Amino acid sequence: MRPGNHQRFRDLLPGDVSRPDVNPYITSHREFGDEIVPGSEAPALKEKWPEVFGRVAPLHLEVGSGNGFYLAGMAEKHPDQDWVGVEIRYKRVVLVAKKLRVAGLKNARIVRYDARALDTLFPQGALAGVHINHPDPWERESKRHHRLIDRGFIELITGLCALGAELRLKTDFGPHVKALLQACEGLPWELVGVRTDVDVQGSIWSDDVVTNYQRKARERGLPVHAACLRRIASGSSNTSAAPPDPQPLPHPSSAVSGSSVGSVPSRHSSTLT
Ligand SMILES: C[S@@+](CC[C@H](N)C(=O)[O-])C[C@H]1O[C@@H](n2cnc3c(N)ncnc32)[C@H](O)[C@@H]1O
């Protein structure tokens, strides 16, 4: 699916559902407080994230925040960054918000939103990092079309990322890594690192936070894969689909050079950093 072609996200308002009591979080997530941005209010903030956080700081996005361990953990580790989590499920949105509140975090928000409509949430080139942890695998053949990581989604993310932004993926479902690397082919990304088992090979990142699904995978003895790419100028990569060159990050996290994704071998090396 290409950006612009997917169905736009339209948030449900409490009056839209005949039995709001079936899911009390449809109403309660709107009443929680500053930590939650309901979907109906989110597009108005597209150009206003610096106002939301009261400053200009590198803006990081987590896709599918689940229970919020990663969003809260990373926001706590990086008080100099602002963090937005996007989560589609109402109850999880509230769980995330509770973690943010307990930790007293002012540099993070959770938005009840569909990640496939992220272009209505952030301007082009706004993001310093995109973090995707354990996206739903949708293993059954008939459900594959629900998988988040595809060419259209990665094109959408590519446009939202600033030069130097990192795209981080962790998953216990190996095909997601292959899908990510394939989706990035020809787009302006360079490979930073790949892991087939972070517990054996070590994490790619010194600031990583273990997520709920990562912990569950460990308990089941499943290896957790990881991949990291860095947004480069479109001229550096063979891409016709790439959006215009973004602005560099205010604080580029690193200037380490890597291979463009077009040169990533199809079988993943575990030591590409
Ligand atoms: C398998 S869980 C992983 C949760 C968390 N990232 C972790 O690692 O523990 C996937 C999460 O992505 C959310 N999700 C799935 N599709 C989404 C979408 N289109 N937009 C936003 N969130 C989505 C689900 O509701 C769920 O919380």
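Conventions we followed
Residues numbered from 1 in each chain as written. Predicted model: local features only at pLDDT ≥ 70, side-chain atom pairs only at ≥ 80, totals over all residues. Near = placed C-beta within 6 Å. Helix = DSSP H or I, 4+ residues; strand = E, 2+ residues; numbered from the N terminus. Nonpolar A, V, L, I, M, F, W, Y, C, P; charged D, E, K, R; others polar. Core = buried A, V, L, I, M, F, W, Y, C linked by C-beta atoms within 7 Å. Buried ≥ 20, exposed ≤ 12 C-beta atoms within 10 Å, placed from the backbone. Contact = placed C-beta atoms within 7 Å.

Visitor: Tell me about the site of the ligand, residues and numbers included.
Guide: Lining the immediate environment of the ligand, one finds 20 residues, of which G64, G66, A115, T211 and Y213 sit closest. For the shell around the ligand, the elements supplying multiple residues, two or more each, are strand 3 (82-87) and helix 8 (212-219). Here the element with the most residues in the shell around the ligand is helix 8; it accounts for 3 residues. Looking at the shell around the ligand, its residues break down into 6 nonpolar, 8 polar and 6 charged.

Visitor: Any chance you could break down the nonpolar core for me, citing the residues and the numbers?
Guide: Among the nonpolar cores identified, the biggest contains 68 residues, and L71, L127, V130, L180 and A227 are the most heavily contacted of them. Ignoring any residue separated from it by four or fewer positions in sequence, one finds A227 in contact with L169, V177, L180, L181 and V194.

Visitor: Describe in detail unusual backbone geometry, supporting the description with residues and values.
Guide: Positive phi values are uncommon outside glycine, yet H134 reaches one of about 50°. Tracing the backbone shows H134 in the loop between strand 5 (127-133) and helix 5 (151-160). With a phi angle near 45°, W138 is a residue other than glycine that sits in the positive phi range. Position of W138 relative to the elements: it lies in the loop between strand 5 and helix 5.

Visitor: Talk me through helix 6 (residues 175-184); I want residue IDs and the actual numbers.
Guide: Most of helix 6 is tucked away: 7 of the 10 residues are buried. Those residues of helix 6 that fall on the buried side of the exposure criterion are H176, V177, A179, L180, L181, A183 and C184. Looking at the buried side of helix 6, the elements it contacts are helix 5, strand 6 (161-171), strand 7 (189-195) and strand 8 (225-231). Remark: G186 follows helix 6 within two positions and exhibits a positive phi of approximately 80°.

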